[in-house]
Amino acid sequence: MTTPVGQSARYEIQSCPDIEFGRPDGHVLRLDLSLPIGVAAPAVVLYLHGGGWMIGSRKSHAARAERLARHGFAVASIDYRPSTVAPFPAQILDIVTAIEWLKGPGQAFGIDANRVALWGASAGAHLALLATAAPAIRRAPHDVPGPPAQAAVGYFGCYDLTSRGDLDRPDTGSPIPREILEQDWPSGVPAPPSSRYLRARLLGVDESAMSDRDLAAISPFARAHDIHVPVFLLHGTRDSVTSVQQSLRMAQELRRRGETVRLRLLEGANHEDSAFDTDATIADVAAFLHEHLGGPCHTPPLPHNAVQQGE
């Protein structure tokens, strides 16, 4: 039986943590999988954490992923290589690798790897949209195949990394979140680092050598003509890190091009605000994903041995 769009269905979940899905250049990548019990072949949502492409963890907002899984989705919170380990396009390659795992070993968990959405926060939101932007993201010496995703959700992302995007000023009346100020940044990195520094590290170049042309190549806003999946953008109006104008302009550009886009502004919310994890907000994300991926169908729970493979 299919659950109607918008219904706040709740499922118990099975947690399958610390599953290795790739080992590029010897760097181990793992994912944490949350499975809704009693759902036949659930659609999959890949969650991409934030952290300026440099820090962060798939475990940093585990409760967020679990809340969405309770709406009938299999949610895989994944690692991707930080910019200190490998520059772009390594992060896109890692997303592709995760989806390849879903289509291979991941089938033991009873998921539907043909119905996939990307969901990211902050730097992860940037990657989620960028990964859907084209069948190939070209940056010598790689031609990176785009992951076969059917929808994307972005929380408080930066989508225009060029100097034009720098004109979008964050809210100066809101404090920088403690989560950012208290991060353990790598040795030698200014704490907290500037957005320009983080972008240069993502590109693998010195700040002085970074050009707007380089930044446009990795900006979802500049690649909006290649985004052809439904997109849901959420942003707080009092974001002290990434201006709400980034989501406003991204949504406007996608609409101008005739794409399906939804925008929700959370009044008074800051970067990584608790407002993004309320039942109402998660239900809103779930409704959008059910609309574009299809709703869950009830079935008996997964066999115990399938779950054991993730332990």
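Coordinates for the structure precede this section.
Scoring rules and cut-offs
Residues numbered from 1 in each chain as written. Predicted model: local features only at pLDDT ≥ 70, side-chain atom pairs only at ≥ 80, totals over all residues. Heavy atoms only, no water. Helix = DSSP H or I, 4+ residues; strand = E, 2+ residues; numbered from the N terminus. Buried < 20%, exposed > 50% of the residue type's maximum accessible area, 1.4 Å probe, protein only. Contact = heavy atoms within 4.5 Å. Areas by Shrake-Rupley, 256 points an atom, 1.4 Å probe, with all protein chains shown as cover. Polar contact = N/O pair within 3.5 Å; in protein donor to acceptor, adjacent residues only side chain to side chain. Pairing = 2+ DSSP bridges. Salt bridge = Lys/Arg side-chain N within 4 Å of Asp/Glu carboxyl O. Axes fitted to C-alpha atoms, helices over the stretch in contact; angles between N-to-C directions. Parallel < 35°, antiparallel > 145°, perpendicular 65-115°, else oblique. Left-handed = near helix turned anticlockwise from the far one by under 90°. Nonpolar A, V, L, I, M, F, W, Y, C, P; charged D, E, K, R; others polar. Core = buried A, V, L, I, M, F, W, Y, C linked by side-chain atoms within 4.5 Å.

1. Here we look at the overall build of the protein chain
- Helices and strands together make up the secondary structure of the protein chain, namely 10 helices and 12 strands.
- Within the protein chain, the proportion of its 311 residues that are buried is 55%.
- Within the protein chain, contacts between residues separated by at least 24 positions form 77% of all contacts whose residues are at least 6 apart in sequence.
- For the protein chain, the accessible surface area stands at approximately 12700 Å², while carbon and sulfur atoms represent 50% of it.

2. Let's talk about the side chain of Asp32
- Relative to the helices and strands, Asp32 resides in strand 2 (residues 29–36).
- A distance of 2.8 Å separates a polar side-chain atom of Asp32 from the backbone nitrogen of Asp18.
- At 3.1 Å, the side chain of Asp32 and the side chain of Arg58 are in polar contact.
- Sequence-distant contacts of Asp32, that is, excluding residues within four places in its chain, are made with Cys16, Pro17, Asp18, Arg58, Lys59, Val75, Ala76 and Ser77.

3. A short note on the side chain of Arg249
- Note on placement: Arg249 falls in helix 8 (residues 244–256).
- Those residues in contact with Arg249 that lie beyond four places of it in its chain are Asp160, Arg164, Gly165, Asp168 and Phe221.

4. Digging into the pairing of strand 11 (residues 261–266)
- Both strand 10 (residues 231–236) and strand 11 contribute to a ladder of six bridges, which runs parallel. Note that in strand 11 the partner of Gly236 across the bridge is Leu266.

5. Remarks on the pattern of salt bridges
- As enumerated under the stated definition, the model contains 23 salt bridges in all.
- With a shortest N-O distance of 2.9 Å, Arg81 and Asp94 are connected by a salt bridge. In this pair, Arg81 sits in the loop between strand 5 (74–78) and helix 2 (90–103) while Asp94 sits in helix 2, placing the two residues 13 residues apart along the sequence.
- Under the relative-accessibility criterion, Arg81 is labelled buried at 6%.
- Across the pair Asp284 and Arg262 runs a salt bridge whose closest N-O atoms are separated by 2.7 Å. Of this pair, Asp284 sits in helix 9 (residues 279–293) while Arg262 sits in strand 11, and the two are 22 residues apart along the sequence.
- One salt-bridge network, held together by shared partners, links Asp18, Asp32, Arg58, Lys59 and Asp79.

6. Let's talk about the packing of helix 1 (residues 62–69) against helix 9
- Remark: helix 1 packs on helix 9, axes separated minimally by 9 Å, with the N-to-C direction vectors making an angle of 50°. Judged by the angle between their axes, helix 1 and helix 9 are oblique. As helix 1 packs across helix 9, the resulting crossing turns out to be right-handed. The residues of helix 9 that touch helix 1, namely those facing Arg64, Arg67 and Leu68, are Ile282, Val285, Ala286 and Leu289.
- Split by residue class, the contact of helix 1 with helix 9 holds five nonpolar, no polar and two charged.

7. Here's the deal with the sheet that holds strand 11
- If you walk across this open sheet you meet the eight strands as 1-2-5-4-6-9-10-11, and the pairing is mixed. Each of the sheet's edge strands pairs with one partner strand only, and the pair in question is strand 1 (13–22) and strand 11. Along the sheet, successive strands turn relative to each other by an average axial angle of 20°, direction set aside.
- Judged from the five bridges that link them, strand 4 (residues 43–48) and strand 5 form a sheet pairing that is parallel. The residue bridging Tyr47 from the neighbouring strand is Ser77, located in strand 5.

8. What to know about helix 3 (residues 123–131)
- With respect to burial, helix 3 is a largely interior element, nine of its nine residues being buried.
- Taken together, the buried positions of helix 3 are occupied by Ala123, Gly124, Ala125, His126, Leu127, Ala128, Leu129, Leu130 and Ala131.

9. A look at the nonpolar core
- Core analysis: the biggest nonpolar cluster contains 48 residues, and Leu31, Leu33, Leu46, Ile78, Ile95, Leu102 and Phe109 have the highest contact counts within it.
- Top contributing element to this core by residue count: helix 2, with six residues.
- With residues near it in sequence (within four places) discarded, Leu102 still touches Val44, Leu46, Gln107, Ile111 and Ala113.
- Formed by 27 residues, the second largest nonpolar core is a distinct cluster that contains Phe73, Ala269, Phe288 and Leu293.

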